[in-house]
Amino acid sequence: AQSVTQLGSHVSVSEGALVLLRCNYSSSVPPYLFWYVQYPNQGLQLLLKYTTGATLVKGINGFEAEFKKSETSFHLTKPSAHMSDAAEYFCAVMRAGGTSYGKLTFGQGTILTVHP
Amino acid sequence: DAGVIQSPRHEVTEMGQEVTLRCKPISGHDYLFWYRQTMMRGLELLIYFNNNVPIDDSGMPEDRFSAKMPNASFSTLKIQPSEPRDSAVYFCASRNGQGYQPQHFGDGTRLSIL
């Protein structure tokens, strides 16, 4: 079975500070990993994904994430927070085969607050 | 490109009424997912379809919930009869089944059962 744990349901940073949102996963097969962002009253929007290849992946809005197999982690970072980054962020792992191919398992979400 | 389109965006109805939520997936996507999001339970997968066929409905909470996908461009989620505890935001998502493509989400339907 696959699972995703996001450390910290709430993270608060100052504008211009580093953003670090933590995600750890468990998977019995090589994982396919995603970060989504949800702004108020909107659906989930894809930030970035890791499937194969380079372990450091870049996404939209200046975010990036690094896949570390040894640590079973896929943490999301952004060097300098902007007020517009305030949202809820979800890490997810995709089932890569079997009868539930394509199904996503989501973490519980991390709400990012950015202070002026 | 048009994204996933859900309707209505908001629905307020009284307990016991039938509720129908609608979803139009992205053209060419062969997977469709229905989710429910609440503060208490977070994001829950209710059911998903591949090529219009239900694959996994283990997340459907009760027999009051049903979902159909009569063709590749339309799906419905129906609740009959509705109860106050069904109040939530319901999302539809679709994906292209080629490779490891991500799911694309609609903006959701905010459902309030009084």
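Residues numbered from 1 in each chain as written. Chains lettered and ligands numbered in written order. Predicted model: local features only at pLDDT ≥ 70, side-chain atom pairs only at ≥ 80, totals over all residues. Heavy atoms only, no water.

### Here we look at the sheet that holds strand 7 (residues 65-71) of chain B
All names here are of chain B.
- In spatial order, the strands read 1-3-8-7; together these four strands make up an open sheet with antiparallel pairing. Each end of this open sheet is capped by a strand with a single partner; those strands are strand 1 (5-7) and strand 7. With strand direction ignored, the average angle separating the axes of adjacent strands in the sheet is 15 degrees. (Pairing = 2+ DSSP bridges. Helix = DSSP H or I, 4+ residues; strand = E, 2+ residues; numbered from the N terminus. Axes fitted to C-alpha atoms, helices over the stretch in contact; angles between N-to-C directions.)

### Structural notes on the packing of aromatic side chains
- Tallied over the entire structure, the rule returns 16 aromatic pairs over all chains.
- Note on Phe34 of chain A and Tyr36 of chain A: the rings are 6.5 Å apart at their centroids and 35 degrees apart in plane angle, and the pair reads as tilted. As far as burial versus exposure is concerned, Phe34 of chain A and Tyr36 of chain A are alike and both buried.
- Within the aromatic cluster, the residues linked to one another by ring pairs are Phe34, Tyr36, Phe90 and Phe106 of chain A together with Tyr31, Phe33, Tyr35, Tyr48, Phe91 and Phe105 of chain B.
- The cationic tip of Arg95 of chain B hangs over the ring face of Tyr31 of chain B; the distance from NZ or CZ to the ring centre is 5.1 Å. (Phe/Tyr/Trp six-rings, centres within 6.5 Å; stacked < 30°, edge-to-face > 60°. Buried < 20%, exposed > 50% of the residue type's maximum accessible area, 1.4 Å probe, protein only. Lys NZ or Arg CZ within 6 Å of the ring centre and 35° of its normal.)

### Focus: the pairing of strand 4 (residues 32-38) of chain A
Residue and element names in this part refer to chain A.
- Within strand 4, seven of the seven residues are buried, leaving the element largely enclosed by the surrounding structure.
- Judged from the seven bridges that link them, strand 4 and strand 9 (residues 87-94) form a sheet pairing that is antiparallel. Bridging from a neighbouring strand, Phe34 pairs with Ala92 of strand 9.
- From the end of strand 4 to the start of strand 5 (residues 44-50), which pair antiparallel, there are five residues, and Asn41 there has a positive phi angle of about 60 degrees.

### Some remarks on the sheet that holds strand 7 (residues 64-68) of chain A
Residue and element names in this part refer to chain A.
- Pairing is antiparallel in the open sheet, where five strands are placed in the order 1-3-8-7-6. One side of each edge strand has no neighbouring strand; the edge strands of this open sheet are strand 1 (3-7) and strand 6 (56-58). Across the sheet, the mean angle separating the axes of adjacent strands is 20 degrees when strand polarity is ignored.
- Inspection of the sheet shows strand 6 paired to strand 7 by three bridges, in the antiparallel sense. Considered in strand 7, the bridge of Leu56 is made with Glu66.

### Some words on the pairing of strand 7 of chain B
Residues and elements named next belong to chain B.
- By the bridge criterion, five bridges tie strand 7 to strand 8 (residues 74-79) in an arrangement that is antiparallel. Of the residues in strand 8, the one forming a bridge with Ala67 is Leu77.
- Turn length for the strand 7-strand 8 hairpin, with the two strands adjacent in sequence and antiparallel, is two residues.

From the geometry alone we can't say anything about function, so treat these as descriptive.
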